[in-house]
Amino acid sequence: MTATYDLILTGGTVVNHDGQGVRDVGVKDGRVAAIGDLAQASSGQTIDCRGLHVLPGVIDSQVHFREPGLEHKEDLETGSRAAVLGGVTAVFEMPNTNPLTTSEAALADKVARATGRMHCDFAFWVGGTRENAKDVGELERLPGAAGIKMFMGSSTGDLLVEDDEGVASVLRNTRRRAAFHSEDEFRLRERLGERVPGDPSSHPIWRDEITALRCTERLVRIARATRARIHVLHISTAEEIVFLQAQKDVATCEATPHHLTMTSEDYARLGTLLQMNPPVRDKRHRDGVWQGVAQGVIDVLGSDHAPHTLEEKQKPYPSSPSGMTGVQTLVPIMLDHVNAGRLTLERFVDLSSHGPNRIFGISRKGRIAAGYDADFTIVDMKRSETITNAQQGSKAGWTPYDGKKVTGWPVGTIVRGNRIMWDGEIVTKGQGRPVEFSEALPK
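### Considerations on the pattern of salt bridges
Under the criterion given, the structure shown has 41 salt bridges. Its salt-bridge partner being Lys395, residue Asp75 comes within 3.0 Å of it at the nearest N-O pair. Linking Asp75 in the loop between strand 6 (58-63) and helix 1 (76-85) with Lys395 in the loop between strand 14 (376-386) and strand 15 (405-415), this pair joins segments that are 320 residues apart in sequence. Using a relative accessible area of 11% as the deciding quantity, one classes Asp75 as buried. Residues Arg358 and Asp350 are paired through a salt bridge, measuring 3.4 Å at the closest nitrogen-oxygen approach. Connected through shared salt-bridge partners, Arg31, Asp121, Arg364, Lys365, Asp373, Asp375, Arg416 and Glu436 make up one network.

Structure (C-alpha cells):
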C-alpha cells in the first residue's frame, strides 16, 4: 500500500542528531511522519530540496517584539515576519513591554494577540519581580509561558531586581529554568562617570567585564542556595565562559551572533547602532565566547533582537537606547561562520534547535524526528548574499550588518508543515501557535 503524506521534502541533506544525509521527510497533520527514501510515496505537496540542507526549525529564545505599548518600534506581526524571513520557526519573547508581562492577565493578552497572527510559533517570558515572587511557580506553567526572566542590571528599570535576596525570593519558587540578564547594578551605578557623552565606544568601559562576571558569580551562588536552575543570557566576556564551565550542573548559557561577530573596533563605524547591553567588547572577549562555543559551554544561540527606530538610535550617547535588530540575521550570520570553519553545521543545529529543546524542555520541537512538529529551516549553504536594510522585515527597518556579504542563506521556513517563507517571500499567512513545554503540559 502506498504511503500518503500531506507534504514531502525530497532530496535535501537532512542535518539532525544523527548527522547529515540525503533523505526525504514526510509530513502528515503538521508532524514528521517518516524519514528516508519516500520515492514510492504520494503527497499533497512536494518541495524539491536537492542541493539544500534541511535543518530542524531554528528557535530564537531571546527576542523583544515590543507589543503591547511600544509598537512604533516593532509588533508581534512585524517581528515574526522578520523571524520567518530569516529562517526562524519559533521565538521566545521578552517581558519588558508596556504593561510588563508579570501577571497571568498580561501573559494571556500576549498569547491572544499572537495566536494566528504571528508568522512563527511563540512563547513569552514572564518577568520575575519582588511583587510576583510568590506566584512565579504558577505563572511559569501557564499556557504560552517560556519561563521566568529576571533583570539584575538596569537594562530594563521597571523589571530590575538587583539584590541577592530579591533574586532568591523569586528562585525559591521556580521549578523551571529561569533566565537572567546578568550585569551587576551596583557596579553600574558606581561607574556612571565612565560614560563619555557623544562616545558610544565608552559603553563597554562603563559596563565592563567585571560588571558581568561579578553578577554571574552572584547569580550562581543564589541558584545553588535556592536549588534552582538558571540560564545566563548573552554571555559577553571570556571570564564568564571560564567560570560557567564549572557550573554546568545549575547554569546553562547563551551566546548572540553580535558578540560572536563584532568587536569594540566596530563602534567607530556603527556608533550607537552597536550599542547593546551587555556591550560588544574587544577581540579577546569575542574569542573567549567562541572558545565557549568550541568547548560546549554555550548551550544555545539567541539574537536578543531589540529594535529601536533609527531616530531613537541616532540620539547622542548615552541618551541613545541600547538594542539592535537580529532575529532575521541570526541564521545567515551563523551560516557564514560555519562556512568560514568556525563551527560545524551540526554544532549550529545543536545551538539553535537541539539546545533550546534540551534546556527548556520544549515539547516536539528542535529535532527532525517522527512525531515532532514539522518545523524546518531550509538553507542553501553555497548561496552568497549581501545583507541590506531593505531586506529587513522588522518595523525598525535597519540592521547593523547592512552591507555585509555572507555565504549560507535561509531559503525556506516551514512551521508545522506549512510553508511560511520561500526565497525571501512570505507565502502563507501567519498561523503562529504557543510552544508547549514538557514541564507545563495541560493536565
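Now, onward.
### So, the nonpolar core
Val91, Met118, Val167, Leu171, Phe180 and Phe348 are the most contacted members of the largest nonpolar core, which totals 71 residues. With 31 residues, the next largest nonpolar core counts Val54, Ile368, Ile378 and Trp409 among its residues.

### A short note on the packing of aromatic side chains
Per the counting criterion, the structure on display carries five aromatic pairs. Taking the centre distance of 5.5 Å and the plane angle of 40 degrees together, the rings of Phe122 and Phe124 count as tilted. Summarising the burial analysis for this pair, Phe122 and Phe124 share the class buried. The interplanar angle of 75 degrees and the centroid separation of 5.7 Å between the aromatic rings of Trp125 and Phe360 together place this pair among those described as edge-to-face. Here Trp125 is found in strand 8 (residues 121-127), whereas its partner Phe360 is found in helix 14 (residues 345-360), with 235 residues between them in sequence.

### Re the environment of Leu76
Residue placement: Leu76 occurs in helix 1. Look at Leu76 and you get buried, because its relative accessible area is 0%. Considering only alpha carbons, one finds Leu76 and Glu209, 133 residues apart in sequence, at a separation of 33 Å.

### Things to note about the side chain of His181
Tracing the sequence through the fold places His181 in strand 10 (residues 178-181). Its relative accessible area of 2% is what places His181 among the buried residues.

### Considerations on the side chain of Ser202
Structurally, Ser202 can be placed in the loop between helix 5 (185-190) and helix 6 (203-206). Among the polar contacts made by the side chain of Ser202, one reaches the main-chain amide nitrogen of Val196 at a distance of 2.9 Å. Apart from residues no more than four positions distant in its own chain, Ser202 is found in contact with Glu194, Arg195, Val196 and Tyr317.

### A word on the sheet that holds strand 11 (residues 230-232)
In space, the eight strands of this open sheet follow the order 6-7-8-9-10-11-12-13, with parallel pairing throughout. Pairing within the sheet leaves two strands with one partner each, and these edge strands are strand 6 and strand 13 (300-301). Sheet topology places strand 10 next to strand 11; three bridges connect them, and they run parallel. The residue of strand 11 that forms the bridge with Ala179 is His231.

### Points about helix 14
Given 3.6 residues to a turn, an α-helix orients residues that are three or four positions apart in the same direction. Its 16 residues place the ends of helix 14 22 Å apart at the C-alpha level, agreeing with the 22 Å of an ideal helix rising 1.5 Å per residue. At His354, helix 14 shows its strongest bend, of approximately 45 degrees, with the proline Pro356 following within four residues. Counted residue by residue, helix 14 has 13 buried out of 16 residues, so it is predominantly covered. At the C-terminal side of helix 14, Gly361 shows a positive phi close to 65 degrees.

Thresholds, definitions, all that
Residues numbered from 1 in each chain as written. Predicted model: local features only at pLDDT ≥ 70, side-chain atom pairs only at ≥ 80, totals over all residues. Heavy atoms only, no water. Salt bridge = Lys/Arg side-chain N within 4 Å of Asp/Glu carboxyl O. Helix = DSSP H or I, 4+ residues; strand = E, 2+ residues; numbered from the N terminus. Buried < 20%, exposed > 50% of the residue type's maximum accessible area, 1.4 Å probe, protein only. Core = buried A, V, L, I, M, F, W, Y, C linked by side-chain atoms within 4.5 Å. Phe/Tyr/Trp six-rings, centres within 6.5 Å; stacked < 30°, edge-to-face > 60°. Polar contact = N/O pair within 3.5 Å; in protein donor to acceptor, adjacent residues only side chain to side chain. Contact = heavy atoms within 4.5 Å. Pairing = 2+ DSSP bridges. Expected span 1.5 Å × (residues − 1). Bend = angle between axes of the 7 residues up to and from the residue.

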